[in-house]
Amino acid sequence: MTDANIQGSILEQEDVENSSTVGTINRHEFTIFFDVTNGNPNGDPDMGNMPRIDPETGHGIVTDVCLKRKVRNYVDITREQGEGHRIYVTEGAVLNEQHRKAYRSLREEDVDKAKELKPKDRAEAALLTHWMCDNFYDVRAFGAVMTTKVNCGQVRGPVQFTFARSIDPIFSQETTITRMAVTQEGSDKEREMGRKHIVPYGLYRMDGYVSGHLAEKTHFGPEDLELLWESLENMFEHDRSASRGQMALRKLIVFEHASKLGNAPAHKLFERIVARKTNDAPARSYTDYEIEVRTADLPDGVTVTER
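Residues numbered from 1 in each chain as written. Predicted model: local features only at pLDDT ≥ 70, side-chain atom pairs only at ≥ 80, totals over all residues. Heavy atoms only, no water.

A.B. asks: Just checking my understanding: could you explain the overall build of the protein chain for this structure?
C.D. replies: In terms of regular secondary structure, the protein chain is built from eight helices and 14 strands. Projected onto its principal axes, the C-alpha positions of the protein chain cover 70 × 65 × 35 Å. Taking all 307 residues of the protein chain together, 45% fall into the buried category. Pairs at least 24 residues apart make up 70% of the contacts formed inside the protein chain by residues separated by at least 6 positions. Accessible area of the protein chain: about 16400 Å², with a carbon and sulfur share of 47%. On the protein chain, the mean spot of the 40 positive side-chain charges and the mean spot of the 50 negative ones are 3 Å from each other. (Helix = DSSP H or I, 4+ residues; strand = E, 2+ residues; numbered from the N terminus. Buried < 20%, exposed > 50% of the residue type's maximum accessible area, 1.4 Å probe, protein only. Contact = heavy atoms within 4.5 Å. Areas by Shrake-Rupley, 256 points an atom, 1.4 Å probe, with all protein chains shown as cover. Lys, Arg positive; Asp, Glu negative; His and termini not counted. Charge placed at Lys NZ, Arg CZ, Asp CG, Glu CD.)

A.B. asks: Would you explain the packing of aromatic side chains in this entry?
C.D. replies: Given two aromatic rings, their pairing is described by the distance between the two centres and the angle made by the two planes. A full pass over the atoms with the stated rule returns nine aromatic pairs. Here Phe-30 and Trp-229 contribute two aromatic rings whose centre-to-centre distance is 5.3 Å and whose plane-to-plane angle is 75°, an arrangement assigned as edge-to-face. Here Phe-30, found in strand S1 (residues 28-39), pairs with Trp-229, found in helix H7 (residues 222-234); they are 199 residues apart in sequence, far enough to count as distant. When the centroid spacing of 5.5 Å and the interplanar angle of 80° are considered together, the rings of Tyr-209 and Phe-270 count as edge-to-face. Here Tyr-209, found in strand S10 (residues 192-210), pairs with Phe-270, found in helix H8 (residues 266-270); they are 61 residues apart in sequence, far enough to count as distant. (Phe/Tyr/Trp six-rings, centres within 6.5 Å; stacked < 30°, edge-to-face > 60°.)

A.B. asks: What exactly am I supposed to notice about helix H4 (residues 122-135) here?
C.D. replies: Side chains of residues three or four places apart in an α-helix project in the same direction, reflecting 3.6 residues per turn. For H4, spanning 14 residues, the distance from its first C-alpha to its last is 20 Å, which sits close to the expected 20 Å at 1.5 Å a residue. Of all the 14 residues making up H4, 10 are buried; the element is thus mostly covered by neighbouring parts of the structure. Listed as buried for H4 are Glu-124, Ala-125, Ala-126, Leu-128, Thr-129, His-130, Trp-131, Met-132, Cys-133 and Asn-135. (Expected span 1.5 Å × (residues − 1).)

A.B. asks: Help me understand the pattern of salt bridges in this model?
C.D. replies: Between side chains of opposite charge, a pair can form as their charged atoms come close. This structure, assessed with the given rule, holds 22 salt bridges. A salt bridge links Arg-52 to Asp-44; its shortest N-O distance comes to 3.9 Å. With relative accessibility at 23%, the residue Arg-52 sits in the partly exposed group. Between Asp-54 and Arg-165 there is a salt bridge, with its nearest N and O atoms 3.0 Å apart. Taken together, the positions of Asp-54 in the loop between strand S3 (50-51) and strand S4 (59-62) and Arg-165 in strand S8 (residues 164-169) put the pair 111 residues apart, joining distant regions of the chain. Looking at Arg-165, the relative accessible area reads 36%, which means it is partly exposed. (Salt bridge = Lys/Arg side-chain N within 4 Å of Asp/Glu carboxyl O.)

A.B. asks: When you look at H7 in this model, what are you seeing that I'm missing?
C.D. replies: Here H7 contains 13 residues, and its C-alpha end-to-end distance of 19 Å stays within 8% of the 18 Å for a straight helix at 1.5 Å per residue. Every buried residue belonging to H7 is among Asp-224, Leu-225, Leu-227, Leu-228, Trp-229, Ser-231 and Leu-232, and all of these are buried. Buried residues along H7 sit in contact with S1, helix H2 (64-79), helix H5 (137-142), strand S7 (159-161), S10 and strand S11 (246-257).

A.B. asks: I tried to follow the packing of H2 against H7 on my own but got confused; where do I start?
C.D. replies: Relative orientation and spacing of two packed helices are given, respectively, by the angle between their axes and the distance between those axes. It is at 9 Å that the axes of H2 and H7 come closest, and there the two elements cross at 105°. By the angle between their directions, the pair H2 and H7 is classed as roughly perpendicular. Facing Val-71, Tyr-74, Val-75 and Arg-79 of H2, the residues of H7 in contact are Leu-227, Leu-228, Glu-230, Ser-231, Leu-232 and Asn-234. (Axes fitted to C-alpha atoms, helices over the stretch in contact; angles between N-to-C directions. Parallel < 35°, antiparallel > 145°, perpendicular 65-115°, else oblique.)

A.B. asks: Is there a simple way to explain the environment of Tyr-286 in this structure?
C.D. replies: In this structure, Tyr-286 sits in the loop between strand S12 (273-277) and strand S13 (289-293). For the pair Tyr-286 and Tyr-201, spaced 85 residues apart in sequence, the C-alpha to C-alpha distance is 8.8 Å. Those residues within four positions of Tyr-286 in sequence are excluded, and the remaining contacts are Asp-35, Tyr-201, Leu-203, Arg-250, Lys-251 and Ile-291.

A.B. asks: Would you mind going over the pairing of S10 with me for this structure?
C.D. replies: Both faces of the sheet carry side chains from a regular strand, because those side chains alternate between them. Counting buried positions along S10 yields 14 of 19 residues, so the element is predominantly enclosed. Direction of pairing for S1 relative to S10: antiparallel, over a ladder of 11 bridges. Each residue of the ladder has a partner; that of Phe-33, found in S10, is Arg-205. Here three bridges tie S7 to S10, and the two strands are oriented antiparallel to one another. When the sheet's bridge partners are listed, Phe-161 is paired in S10 with Gly-208. When S8 meets S10, the two strands line up antiparallel, connected through two bridges. Its bridge partner lying in S10, Ser-166 is registered against Tyr-204. As paired elements, strand S9 (residues 173-179) and S10 share seven bridges and run antiparallel to each other. Bridge assignment links Thr-176 to a residue of S10, and that residue is Arg-195. (Pairing = 2+ DSSP bridges.)

What follows is the structure, encoded as structure tokens:
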């Protein structure tokens, strides 16, 4: 048996003891629709920061990492690094120093000067991983690979996002902007010019998953799940930028199962959600679309909620 498997079995034994205090959740799938007006929702640094586009179809793309960043930011500013709500991946963070906090909490000796730290045994390895899950919201939600020189193990998160994709192909527009100032002294110009990439309008869809089985392992409980929904509903409200234009979450649809393992295949539930344009003109607002959620004849043990 590998070290990872041994550590996993230890975590499972401890999860049985902790599940009653944290609370358990069942499996969920969810879909969000969000839109952008005159902005760049997710620039591609390899393409001069142009909006990400599927080159074969022209549909717009927003990465899962981009959306997770917004969730992390919302939790950070609303929970202010409170107990159980620290954020592991923050701007400028040194991940080894985040791991060192777990060693500092569990060991009596000084660990601040050690360049490398590894668990002394399998029991300590499990404790270190659990400490990271219990203290960092994004670790217990999204998981983390923490097998660095300051080793805290690896966590597979119960919450998984997919890439968001626009409902229709988008049009990436390049606009020229001017600045009434120059960069360097002595320039013979009185102003400088630049370029800005925008999408006039795009409606995007992202599907996501919450595993009840993995949630039990990382101690991701009902309060954490409610915070996830809250973060998704408000993630654009605290992420304003001139480059991103106007962005808003338009709809959050949640499928809840009656068991941890689920009562229906996820893809069949996602197929019940259909977005379509209501006219032939280029879309320029959310009212140019209608979103249908087919709730008739839902599988037994599955309920749907629109937020």
